[in-house]
Amino acid sequence: MDDKTILNRISELVDEEHKLRADAQAHEAGTEGEASERLRALEESLDQCWDLLRRRRAARETHGDPDAQGERPKPEVERYLQ
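Conventions used here
Residues numbered from 1 in each chain as written. Predicted model: local features only at pLDDT ≥ 70, side-chain atom pairs only at ≥ 80, totals over all residues. Heavy atoms only, no water. Salt bridge = Lys/Arg side-chain N within 4 Å of Asp/Glu carboxyl O. Helix = DSSP H or I, 4+ residues; strand = E, 2+ residues; numbered from the N terminus. Buried < 20%, exposed > 50% of the residue type's maximum accessible area, 1.4 Å probe, protein only. Core = buried A, V, L, I, M, F, W, Y, C linked by side-chain atoms within 4.5 Å. Contact = heavy atoms within 4.5 Å.

- By the naming in an unreviewed UniProt entry, the chain is DUF2630 family protein, taken from Micromonospora zamorensis.

Put into structure tokens, the structure is as follows:
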């Protein structure tokens with residue numbers, strides 16, 4: 001996966017997140033539990049994408065191979081401190 005593909009995926013996820021939040025505010029999101037669960041999954045996927053993009057950029061800056069970077073598991077990415 002190249003940087004452009006990752007950025008496109010981030011954009012898709014953000015668009016879906018914004019739509020879900022707007023629908024939830026308009027009370028059109030279906031059950032509250034389903035919307036909350038999907039939002040959580042979107043946030044985790046976004047965290048994974050941003051992590052991968054950052055690591056690819058860091059590898060490139062240090063003359064490493066950005067293509068050698070793979071997506072980390074969600075539990076690993078979610079434990080990072082902000």
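Anyway, onward from the coordinates.
**Concerning the pattern of salt bridges**
Line of reasoning, step 1. The final tally for this structure, using the stated rule, is 13 salt bridges.
Line of reasoning, step 2. For Arg21, the salt bridge goes to Glu17, with nearest N and O atoms at 3.1 Å. Of this pair, Arg21 and Glu17 are both found in helix H1 (residues 3–25), four residues apart, which corresponds to roughly one turn of the helix.
Line of reasoning, step 3. Given a relative accessible area of 13%, Glu17 falls into the buried group.
Line of reasoning, step 4. For the salt bridge of Asp51 with Arg72, the shortest nitrogen-to-oxygen distance reads 3.5 Å. In this pair, Asp51 sits in helix H2 (residues 32–61) while Arg72 sits in the loop between H2 and helix H3 (74–78), placing the two residues 21 residues apart along the sequence.
Line of reasoning, step 5. Given a relative accessible area of 7%, Asp51 falls into the buried group.

**Focus on the nonpolar core**
Line of reasoning, step 1. In this structure, Ile6, Ile10, Leu13, Leu20, Leu39, Leu42, Leu46, Cys49, Leu52 and Leu53 together form the largest nonpolar core, which totals 10 residues.
Line of reasoning, step 2. Taken together, the elements giving at least two residues each to this core come down to H1 and H2.
Line of reasoning, step 3. Apart from residues lying up to four places away in sequence, Leu13 is in contact with Leu42, Ser45, Leu46 and Cys49.

**Thoughts on the environment of Met1**
Line of reasoning, step 1. Following the sequence through the fold, Met1 ends up in the segment before H1.
Line of reasoning, step 2. Measuring from C-alpha to C-alpha, the distance between Met1 and Glu37 comes to 27 Å, with 36 residues separating the pair along the chain.
Line of reasoning, step 3. Contacts of Met1, omitting those with residues within four sequence positions, involve Ile6, Arg56 and Asp67.

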